[in-house]
Amino acid sequence: MSRSSIPADWHNCATCTHWCGYTKPDPFCKFIEYDTSDRGRCAGGGFNMMDMPPMATCSKWERRFR
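It should be emphasised that the depicted structure is a prediction, and the values quoted were computed from it without experimental measurement. (Residues numbered from 1 in each chain as written. Predicted model: local features only at pLDDT ≥ 70, side-chain atom pairs only at ≥ 80, totals over all residues. Heavy atoms only, no water.)

Attention now goes to the overall build of the protein chain. A count of helical and extended segments in the protein chain gives 0 helices and 5 strands. Overall, the protein chain shows an N-to-C arrangement of helices and strands of β-β-β-β-β. Taking 2.2 N^0.38 as the reference for a compact globule, 66 residues should give roughly 11 Å; the C-alpha atoms of the protein chain span a radius of gyration of 11 Å, in line with that estimate. For the protein chain, the spread of C-alpha atoms along the principal axes amounts to about 30 × 25 × 15 Å. Relative to its full complement of 66 residues, the protein chain shows a buried share of 36%. Counted over contacts in the protein chain with a minimum sequence separation of 6, partners at least 24 positions apart contribute 55%. (Helix = DSSP H or I, 4+ residues; strand = E, 2+ residues; numbered from the N terminus. Rg over C-alpha atoms; globule rule 2.2 N^0.38 Å. Buried < 20%, exposed > 50% of the residue type's maximum accessible area, 1.4 Å probe, protein only. Contact = heavy atoms within 4.5 Å.)

Given below as structure tokens:
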């Protein structure tokens, strides 16, 4: 398992409220850590019920961490 992090306001699945993969915010919710090999299920977004990689994007992105 390889982990990486991205800013919390990037419009990717790993930062979206609909993505059900592994995510861990830093203490200030500025960066999100995710597993680069993980595929999380989309739960209500643009790819509903599909397994999506953390760096995928869609037009129904909603910010998860504030």
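Within the fold, Gly45 resides in the loop between β4 (40-41) and β5 (51-52). The class of Gly45 is buried, set by a relative accessible area of 9%. Counting along the chain gives 13 residues from Gly45 to Cys58, while the straight-line C-alpha distance between them is 7.9 Å.

On to the side chain of Thr23. With respect to the helices, strands and loops of the structure, Thr23 is situated in strand β2 (residues 23-25). A distance of 3.3 Å separates the side chain of Thr23 from the side chain of Arg64, its partner in a polar contact. If sequence neighbours within four positions are ignored, Thr23 has contacts with Ala14, Ile32, Glu33, Arg64 and Phe65. (Polar contact = N/O pair within 3.5 Å; in protein donor to acceptor, adjacent residues only side chain to side chain.)

Under the definition given, this model contains 0 disulfides. For Cys16, which is in no disulfide, the shortest distance to another cysteine sulfur is to Cys58 and amounts to 6.0 Å. What makes Cys16 buried here is its relative accessible area of 7%. Free cysteine: Cys42, not disulfide-bonded; nearest cysteine sulfur from Cys58 at 6.0 Å. Note on Cys42: relative accessible area 7%, which makes it buried. (Disulfide = S-S within 2.5 Å.)

Take the sheet that holds strand β3 (residues 31-35) next. Judged by pairing direction, the sheet is antiparallel, and its 3 strands sit side by side in the order β1-β3-β2 without closing on themselves. Each end of this open sheet is capped by a strand with a single partner; those strands are β1 (3-7) and β2. Each strand axis lies, on average, 25° off the axis of its neighbour in the sheet, ignoring direction. Sheet topology note: the β1/β3 ladder contains 5 bridges and is antiparallel. Counted as the bridge partner of Arg3 is Asp35 from β3. (Pairing = 2+ DSSP bridges. Axes fitted to C-alpha atoms, helices over the stretch in contact; angles between N-to-C directions.)

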